[in-house]
Amino acid sequence: MKILLIGSGGREHALAWRLLASSGVERVWCAPGNGGMAQLKGAECVAVPQGGMKDVAALAELGERLGPDLTLVGPELPLVSGIADEFAGRGLRLVGPSRQAAQIEGSKVFAKEFLLRNRIPTGPLYGIYDAAGDAYSALCAVDWPCVIKADGLAAGKGVLVAANPDDATAFIDRLMVDREFGSAGDRVLLEEALTGSELSYIVLTDGETVLPLAATRDHKRVFDGNRGPNTGGMGAYSADGLLDRELEARILDSLIRPTLDAMAREGHPYRGFLYAGLMLTSAGPQVLEFNCRMGDPETQAIVVRMDFPLSEALDAATEGRLREITARWKPGASACVVIAAENYPGEPRTGMKIEGLAAASSVPDAVVFHAGTKLEAGEVLVSGGRVLGVTGTGANLGAAVARAYEAAGKIRFEGAHYRRDIGAVTQTAASGASHTAGSRI
Ligand code: AMP
Ligand code: GLY
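The present account deals with the structure reproduced in this document. (Residues numbered from 1 in each chain as written. Chains lettered and ligands numbered in written order. Predicted model: local features only at pLDDT ≥ 70, side-chain atom pairs only at ≥ 80, totals over all residues. Heavy atoms only, no water.)

With respect to empty space enclosed by the protein
Reasoning step 1: Using the criterion set out here, one finds two cavities of 30 Å³ or more in the structure.
Reasoning step 2: Contributing to the lining of the largest cavity are 14 residues, with K108, A111, K149, L288 and E289 lying nearest its centre.
Reasoning step 3: The set of elements that each furnish at least two residues to the lining of the largest cavity consists of α5 (103-106), α6 (108-117), β9 (188-192) and β17 (284-291).
Reasoning step 4: For the lining of the largest cavity, the residue count by class is seven nonpolar, one polar and six charged.
Reasoning step 5: Volume-wise, the second largest cavity comes out at about 30 Å³.
Reasoning step 6: Along the walls of the second largest cavity sit E198, L199, S200, R217, D218, K220, Y275, G277 and L278, which together make up its complete lining.
Reasoning step 7: Grouping the amino acids of the lining of the second largest cavity by side-chain chemistry returns three nonpolar, two polar and four charged. (1 Å grid on protein atoms, 1.4 Å probe; cavity = no way out; pocket = protein on both sides within 12 Å on 5 of 7 lines; lining within 4 Å. Points joined across faces, edges and corners; volume = space filled by probe spheres on them. Helix = DSSP H or I, 4+ residues; strand = E, 2+ residues; numbered from the N terminus. Nonpolar A, V, L, I, M, F, W, Y, C, P; charged D, E, K, R; others polar.)

Section: unusual backbone geometry
Reasoning step 1: A cis amide bond, omega -5 degrees, links W144 with the succeeding residue P145.
Reasoning step 2: For P145, the position within the fold is in the loop between α7 (132-138) and β7 (146-150).
Reasoning step 3: Note the cis peptide between D296 and P297, where omega equals 20 degrees.
Reasoning step 4: We note that R179 has phi near 55 degrees; this positive angle belongs to a residue other than glycine.
Reasoning step 5: Within the secondary structure, R179 is located in the loop between α8 (165-177) and β9.
Reasoning step 6: R179 sits in the partly exposed class, given a relative accessible area of 38%.
Reasoning step 7: Its identity is not glycine, yet D365 carries a phi of approximately 60 degrees, on the positive side. (Buried < 20%, exposed > 50% of the residue type's maximum accessible area, 1.4 Å probe, protein only.)

Side note on the sheet that holds strand β11 (residues 210-212)
Reasoning step 1: Strand order in this open sheet of four strands is β11-β10-β16-β17, and the pairing throughout is antiparallel. Every interior strand has two partners, whereas the edge strands, β11 and β17, have only one. Within this sheet the neighbouring strands show an average axis-to-axis angle of 35 degrees, counted without direction.
Reasoning step 2: Here seven bridges tie strand β16 (residues 272-281) to β17, and the two strands are oriented antiparallel to one another. Directly across from L278, in β17, lies its bridge partner V287. (Pairing = 2+ DSSP bridges. Axes fitted to C-alpha atoms, helices over the stretch in contact; angles between N-to-C directions.)

Considering the site of ligand 1
Reasoning step 1: Taken together, 16 residues form the shell around ligand 1, and within it E191, L194, E198, K220 and E289 come nearest.
Reasoning step 2: Here a nitrogen atom of ligand 1 sits 2.8 Å away from a polar atom, N or O, in the side chain of E191.
Reasoning step 3: Backbone polar atom of L194 to a nitrogen atom of ligand 1: 2.8 Å apart, as the coordinates give it.
Reasoning step 4: For ligand 1, the accessible surface in isolation is 470 Å², of which the surrounding protein chains cover 96%.
Reasoning step 5: Those elements that provide at least two residues to the shell around ligand 1 are β7, β8 (159-162), β9 and β17.
Reasoning step 6: The class makeup of the residues in the shell around ligand 1 is seven nonpolar, two polar and seven charged. (Near = heavy atom within 4 Å. Polar contact = N/O pair within 3.5 Å; in protein donor to acceptor, adjacent residues only side chain to side chain. Areas by Shrake-Rupley, 256 points an atom, 1.4 Å probe, with all protein chains shown as cover.)

Notes on the pattern of salt bridges
Opposite charge on two side chains lets them pair, provided their charged atoms get close.
Reasoning step 1: All chains considered together, the criterion is met by 30 salt bridges.
Reasoning step 2: Where R27 meets E44, a salt bridge forms, and the shortest distance between an N and an O atom there is 2.9 Å. Of this pair, R27 sits in strand β2 (residues 27-32) while E44 sits in strand β3 (residues 43-45), placing them 17 residues apart in sequence.
Reasoning step 3: By relative accessible area, E44 is classed as partly exposed at 35%.
Reasoning step 4: In this structure, E191 and K149 form a salt bridge, with 3.2 Å as the shortest nitrogen-oxygen distance. Placement of E191 in strand β9 and of K149 in strand β7 is noted, with a sequence separation of 42 residues between them. Neither E191 nor K149 differs from the other in exposure class; each is buried.
Reasoning step 5: Each of the salt bridges in this network shares a partner with another, and the network as a whole consists of R93, D315, E319, R321 and E324. (Salt bridge = Lys/Arg side-chain N within 4 Å of Asp/Glu carboxyl O.)

Some thoughts on the pairing of strand β15 (residues 235-239)
Reasoning step 1: Counting buried positions along β15 yields five of five residues, so the element is predominantly enclosed.
Reasoning step 2: Burial of β15 is two-sided: the residues G235, Y237 and A239 facing one way and the residues A236 and S238 facing the other way are all buried.
Reasoning step 3: Note that strand β12 (residues 217-218) and β15 share two bridges and pair antiparallel. Directly across from R217, in β15, lies its bridge partner Y237.

Examining the sheet that holds β3
Reasoning step 1: In space, the five strands of this open sheet follow the order β3-β2-β1-β4-β5, with parallel pairing throughout. Looking at strand neighbours, the two that pair on one side only are β3 and β5 (94-95), the edges of this open sheet.
Reasoning step 2: Packed onto the sheet, helix α1 (residues 10-20) meets β1 (2-7), β2, β3 and β4 (70-73) and runs at close to 170 degrees relative to β1. (Contact = heavy atoms within 4.5 Å.)

And the structure:
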């Protein structure tokens, strides 16, 4: 099988690594790939057309030229821009939702209205505003903390759980007045803050069958103890027991299936990976957000535990025969520690040489996935905000975390920073409370 994989992050390196471990996969074209994918045996990095990830017609031409058996899309931007429709129009097989269905991530207003309309549990909405003045006025009538979200795509940085009116006003200014995320901030929504433990629950679906992936938890804030601004994700873990059977059944029955049924009923059937960002509250699981793709860095923690051929599952998903696939997971746990560049999640400093990669990769049960790196004259250089995802596995979470940190400790570049508490503190509680990872949810 020959696969075209679109994207350049840690998630895509992890997917390419897993795909190439399947016996039936002969080649993975990575468009554009990164410094890690460039070194993978069986992978080949190909440039993306000038229009980048938004230019889905040009990406489809690239698909036509390469002739893969199937295409897998890592990031949200091409999906929200309609890459699935473009490939389908040319008779090319692709795993991912249509442009309409991808609105579930592309517009938080669409997602919230969809959830409320279909009575799928989610936090109560205060309102949706398309003028900063209206959003400021609405702050008089909310409880604190209050959640402010930009409608459009903002790389995980368009949400603030604001503790007070000053912070909320400043964030609304950044979105709607300074337009830090461009048209993504044309509309904002204000919603009630939920309290509980967060969980990333990702499924693959062909529109009928749902194949759940191992549940994960990510760490979105930049600093230890869940402090500092939100990032795309500073680490993630997966462990046996993170999600018990009963709760998983409840998530599938009350959130995932109703979502897929309603999407189909409303005329945009959903196919591909669906990522539900959940809050496990005392009143049951509730949806915080949907993503129309796999998570990053959740994918890194998931692929190292996969014990079934991913390529076969993807193939089956494109042919509507996912029911034939059984997902099996290696027992134990995994943890991914993201090493970020100086100033991330602000504009990152780039260009520095990365050292210690070989030593890190030689740590048993550890694998180093690249994200913002590039290979230049045989050297690996920092080229983005999230640079590496050092991922460990083990018989339990403590062992997996220890492996990941042992390997991360061998890597050096100027300005590198990473959280020291991956797996130890969960993302959560608007109140700032934290939960230990071992506690049952
Ligand atoms: P989202 O992109 O919507 O998942 O939001 C990013 C992060 O903001 C989530 O992972 C949560 O940590 C937090 N968040 C979003 N919505 C809420 C909410 N209603 N209550 C509490 N925290 C939230
Ligand atoms: N780790 C969060 C995301 O992929 O959106």
